[in-house]
Amino acid sequence: MSALKIKKGATSHSAYNLRPNFSDVIERHTLAVLVENEPGVLARVIGLFSGRGYNIDSLTVAEVDHTGHLSRITIVTSGTPQVIEQIKAQLGRIVPVHEVNDLTVEGPVVERELAMFKVSGTGEKRVEALRLADIFRANVVDSTLETFVFEITGAPEKIDAFAELMRPLGLVSVARTGVAALSRGD
Amino acid sequence: MTRKMTGAKMIVQALIDQGVDTVFGYPGGAVLPIYDEVFQQNSIKHVLVRHEQGAVHAAEGYARSTGKPGVVLVTSGPGATNAVTGLTDALLDSIPLVVLTGQVPTFMIGSDAFQEADTVGITRPCTKHNWLVKETDKLGAVLHEAFHVATSGRPGPVLVDIPKDVQFATGQYTPKKPSTSHYQPPVKGDMTEITALVEAIESAKRPVFYTGGGVINSGPAASQLLRELVEATGFPITSTLMGLGSYPASGDKWLGMLGMHGLYEANMAMHDCDLMINIGARFDDRITGVVDLFSPKSKKAHIDIDPSSINKIIRVDIPIVGDVGHVLEDLLKVWKSRGRKTNSDAVAKWWKQIEEWRNVDCLKFEQTGKIIKPQYALSRLEALTKDHDRYITTEVGQHQMWAAQYLNFEDPNRWMTSGGLGTMGYGFPASIGVQMAHPDALVINVAGEASWLMNMQEMGTAMQYGLPVKQFILNNERLGMVRQWQELLHGERYSQSWSESLPDFVKLAEAFGAKGIICSDPDDLDDAILEMLNYDGPVIFDCLVEKHENCFPMIPSGKAHNDMMLAGAGTQGVIDAKGSVLV
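Residues numbered from 1 in each chain as written. Chains lettered and ligands numbered in written order. Predicted model: local features only at pLDDT ≥ 70, side-chain atom pairs only at ≥ 80, totals over all residues.

Below, the discussion takes up the sheet that holds strand S19 (residues 515–519) of chain B. Residue and element names in this part refer to chain B. Sheet architecture is open: 6 strands sit in the order S16-S15-S17-S18-S20-S19, paired in parallel fashion. Bordering the open sheet on either side are strand S16 (415–416) and S19, each of which pairs with just one other strand. Where S19 and strand S20 (residues 539–544) come together, 5 bridges link them in parallel fashion. Paired with Ile-517 across the two strands is Phe-541, which belongs to S20. Against the sheet, helix H23 (residues 525–534) makes contact with strand S17 (442–448), strand S18 (470–475), S19 and S20, and its axis sits at roughly 170 degrees relative to S19, the strand it touches most. (Pairing = 2+ DSSP bridges. Helix = DSSP H or I, 4+ residues; strand = E, 2+ residues; numbered from the N terminus. Contact = placed C-beta atoms within 7 Å. Axes fitted to C-alpha atoms, helices over the stretch in contact; angles between N-to-C directions.)

Written out as structure tokens, the structure reads:
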């Protein structure tokens, strides 16, 4: 289908077909799905994942082309190579889906996520939190005498690492945007 | 050129512009403006069903027997929810439908208004696509797009939800024009893969064609090309339930249906082949049996218009995404240009093996005694109707499998059955849809008494429109397939699988003004069938058959194709614990 961005020869050129057989290895893939920005389109994508039992590790969506009425949904999902291929083909079948790109197989990719952390504490812990935030290049966007709100941008792994460090230092709450991703180069 | 008109008028105009001649529907509050327009025109015939589920199945019957999209018009709320089973049925069997539903006015949406339901939300997973139209100006374009989506690529049902104020308001009508939609699934297959398949055909020693509903959906030309390919190569051919008729049952390359209740020779050929050419089928679980043991020695090619069908269940070696007709045309061209080669010596040997399997005669049965065997009833029905211009619909269960085994289909679009969803209650309304499309043809619904009762209210529809549909009920007073599985799997504890308090079908027919026939003696069967055929009007034929007959051959759950149960086999302990969790 035109929506599925697999070049001539269809699925025979997909990464899945390079493998000898159905593999059990769980892989993590980042998919970029360009969709018509119409009512219900996000529900179609989410309904596909829940209805067919696929995983969503992260999902972000926003309009990226106002005049063209297009939104970009970035989905991080995990599954066996066969399941990943199915997810892409099933996404390609949705009528308002224009393009499905598997950033993970299409080459190097930049992934970024924004997160905010509220950390509460006094004394040594408070100083330590601020020091670590500096090392992670997190910004303080709000402060009281007992709390900080840090803003941090980076790959999901960096944000996970920062969260681990903040936990013993009085982490109160976290808000994460989910992954935005683009392929590198042209 | 655009014209101004009300939304309701636009709907009728769009249907006319799309060439629609028949609509199946049921009125209600939220579609009254549309029904008012239906009243004031003569281009489109409206068939008033007795239940919205019936409308959708009738439209499916119409679509399957004509190749054109079926059209349904129902009201909001319960009208829409009653259509859900039919939509799901059409989605699983890839039947093009355009379903129009009324909706409460836009300013009341979300207020739990009378007969309000979130129709696009409810039907999102059971349609190919759906729309809620909130502006009258957009209605024309959406309706034309709906027909485009329903019939392009892999066909399927679409739904357009139209609030009542949108029907009343006046707007610009967008006439039908060539689609500018981004949705344009490619129909041509990749030539590299097609050439790879030709090479495989040239060298195959034990090839088999495994065809499905995709051949029929592709249109009559695809069936013609398939016949040409089969005759030219001399390869054996089997088909799924959905594909019956694309290759004629009288053809000498025909192995019969494959799958759970498929023929022995078909399943054995699938298991032992070295080249499997899947044309428009989807490796459904009724076909593959247990996947790990499925056709272990074969190279597999798969032609399908839906990329998601490829490698979904079975990994294939030669995937070809495209429309069956287009791909077969290219395939034949390439194969002919390379000298029409096959490994004929090896294929002749393969046929010898297949003849041995055929000699098992897996459909044999003995009609002894004074009780009609269901197999005998269908054999006689076949013999007495095969020369008619005949269309068959079925309900779901044992009778459906026996019909697939004992009736022969020479042409596509002659066999309407609920394959993927297995919807009891499908066959009767479907027969009404078929008869509407083919008023002079013989339309028979082969039914079981339990399935038939699920949509028996449509007798009113058949009578109202003078549709001479023949309801051939194999009455075993059981939910036969459920009973068979309870015998196989649950120690013969027949929980809730008998049909208690059945009506007198003859009196039931007469109550509607139709003809009722009852037959219980094999010696009377031919005369009774002829009486049914000669009657000009709807008939309910109550054929009392053997109550405990099992449907064989059968691949038990969790077994491979070469591990079939044949008639007369012991039924206890054949399915192990692992197989018993499968359906």
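Here we take up helix H14 (residues 324–337) of chain B. All names here are of chain B. Across its 14 residues, H14 extends 20 Å between first and last C-alpha, which sits within 8% of the 20 Å expected from 1.5 Å per residue. Of all the positions in H14, only Val-324, Gly-325, Val-327, Leu-328, Asp-330, Leu-331 and Trp-335 are classed as buried. At its buried positions, H14 is contacted by helix H9 (191–203), helix H10 (213–218), helix H11 (220–233), strand S12 (275–279), strand S13 (299–304) and strand S14 (318–321). Just downstream of H14 lies Gly-339, where phi reads positive at about 100 degrees. (Expected span 1.5 Å × (residues − 1). Buried ≥ 20, exposed ≤ 12 C-beta atoms within 10 Å, placed from the backbone.)

Residues and elements named next belong to chain A. Residues at a pLDDT of 70 or more form 88% of chain A, whose mean pLDDT is 90. Mean pLDDT per element in chain A: strand S9 (residues 180–183) is the minimum at 95, and strand S7 (residues 147–154) is the maximum at 98. Confidence over residues 1–20 falls short of pLDDT 50; this stretch has 51 contacts with residues more than four positions distant or in other chains. (pLDDT = per-residue confidence, 0-100.)

A word on the domain arrangement of chain A. Residue and element names in this part refer to chain A. You can read the domains of chain A as domain 1 (10–102) and domain 2 (109–183). Taken together, the 7 residues of domain 1 in the interface contact 7 residues of domain 2. When contributions to the side of domain 1 that touches domain 2 are tallied by element, the ones reaching two or more residues are strand S1 (27–36), strand S2 (58–65) and strand S3 (70–79). Of all the elements, S2 adds the most residues to the side of domain 1 that touches domain 2, at 3 residues. In the side of domain 1 that touches domain 2, the residues fall into 3 nonpolar, 4 polar and no charged. (Domains from an automatic or database assignment. Nonpolar A, V, L, I, M, F, W, Y, C, P; charged D, E, K, R; others polar.)

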